[in-house]
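Now for the letters of each chain:
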Amino acid sequence: MKQSEIKKASTAELQEAYADSRKAYSDLKMAHTISPLENPIQLRTQRRVIARIATELTNREVQ
């Protein structure tokens with residue numbers, strides 16, 4: 001998800017996307033452990049998406 005999409009999404013959608021992203025990241029990590037991924041940059045990209053969503057959720061809680 002891009003930052004503009006994250007800002008437009010509702011809190012419920014963000015919480016769902018956060019859970020889905022965490023699951024996808026753990027699946028990627030497991031797959032990479034068993035046999036190397038063709039594109040290991042996917043791990044970094046997924047981690048950054050999770051961080052963006054978590055940051056936006058935290059900002060909304062504070063406000």
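Shown above is the structure to which this text applies.
Basis of the calculations
Every chain begins its residue count from 1, and numbering advances along the sequence as written. Since the coordinates come from a predicted model, pLDDT governs what is reported: local features require at least 70, and pairs of side-chain atoms require 80 or more to be given and counted, while whole-chain, interface and lining totals use all residues. Water and hydrogen atoms were dropped before computing side-chain values, which therefore reflect all heavy atoms in the structure. Each nonpolar core is a collection of buried residues, namely Ala, Val, Leu, Ile, Met, Phe, Trp, Tyr and Cys, held together in the definition by side-chain atoms within 4.5 Å. Three exposure classes are used, based on accessible area relative to the maximum for each residue type with a 1.4 Å probe and protein chains only: buried under 20%, partly exposed in between, and exposed over 50%. Comment: elements are numbered from the N terminus, with helices defined as DSSP H or I runs of at least four residues and strands as E runs of at least two. A carboxyl oxygen of Asp or Glu within 4 Å of a side-chain nitrogen of Lys or Arg is what we treat as a salt bridge.

Participant: For this particular structure, what's the right way to read the nonpolar core?
Facilitator: For soluble globular proteins, nonpolar side chains are generally found buried alongside one another. Residues Ile6, Ala9, Leu14, Ala17, Val49, Ile53 and Leu57 constitute the largest nonpolar core, which totals seven residues. Considering every element that reaches this core, the biggest residue donor is helix 3 (residues 41-62), with three residues.

Participant: Honestly, the pattern of salt bridges in this entry has me stumped. Any pointers?
Facilitator: Here the structure, examined in full by the defined rule, presents three salt bridges. For Asp27, the salt bridge identified is with Lys23, shortest N-O distance 3.3 Å. Here Lys23 and Asp27 lie together in helix 2 (residues 11-34), a separation of four residues that amounts to about one turn. On the basis of relative accessible area, Lys23 is assigned to the exposed category, the value being 51%. When the shortest N-O distance is used, the salt bridge between Glu56 and Arg60 registers 3.0 Å. Within this pair, Glu56 and its partner Arg60 are both found in helix 3, separated by four residues, close to a single helical turn.

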